[in-house]
Structures are given as C-alpha cells and as structure tokens.
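Reading the structure
Chain residues, written in single-letter form:
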Amino acid sequence: MVMDKIALTLLIIGGLNWGSVGLFQFDLVAFACGGSGSMISRVIYTLVGLSAVWCVSLLFREADPVEERH
C-alpha cells in the first residue's frame, strides 16, 4: 500500500514533467538537477520508469472487498 502511493506520486511527478516538456519544451527535472544527463536526473528518470512498471500491477490486482460496518 505504501509502495503503491510512492509509485503513484513518482508517476504523477513524471507525468507533470512530460506535460511541461510537451507544452512548453521545458524539462523541469533536468532544470532542477543540472541537465538531463546528470546522475541525479538519471536516477529520477529511472525511478519514474520503475514506478510506471510497478503501477502496471495495479491494473491486474483485485480490489479488497469492503467489509460492512454494523
């Protein structure tokens, strides 16, 4: 559950970054971390990619049944 939230947060950050690249040709991660080739940027890009792979599993999980409260 915690891992799901971390992965979704990173995926949202990545999506917002790609949105800014598409709309404004501005890579926020590269800007903040010293260029797209810097080690920090590459780590962030890798974490976002791994988060996307993790979130694929969310599509195939069964939802936990909700227990009725009395």
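Residues numbered from 1 in each chain as written. Predicted model: local features only at pLDDT ≥ 70, side-chain atom pairs only at ≥ 80, totals over all residues. Heavy atoms only, no water.

In the structure shown here, the tally under the stated rule is one salt bridge. The residue Asp 4 makes a salt bridge to Arg 61 at a minimum N-O spacing of 2.6 Å. Of this pair, Asp 4 sits in helix α1 (residues 2–24) while Arg 61 sits in the segment after α3 (39–60), placing them 57 residues apart in sequence. Note on Asp 4: relative accessible area 13%, which makes it buried. By relative accessible area, Arg 61 is classed as partly exposed at 39%. (Salt bridge = Lys/Arg side-chain N within 4 Å of Asp/Glu carboxyl O. Helix = DSSP H or I, 4+ residues; strand = E, 2+ residues; numbered from the N terminus. Buried < 20%, exposed > 50% of the residue type's maximum accessible area, 1.4 Å probe, protein only.)

Another point: a nonpolar patch on the surface. There is a patch of nonpolar side chains on the surface, built from Leu 23, Phe 24, Phe 26, Leu 28 and Phe 31 and spanning about 610 Å² of accessible area. Counting residues per element, the ones that place at least two in the nonpolar patch are α1 and α2 (28–33). Within the secondary structure layout, Phe 26 lies in the loop between α1 and α2. Owing to a relative accessible area of 35%, Phe 26 belongs among the partly exposed residues under this scheme. (Patch = residues over 30% accessible without salt bridge, like charges linked within 9 Å, V, L, I, M, F, W, Y side chains within 5 Å. Areas by Shrake-Rupley, 256 points an atom, 1.4 Å probe, with all protein chains shown as cover.)

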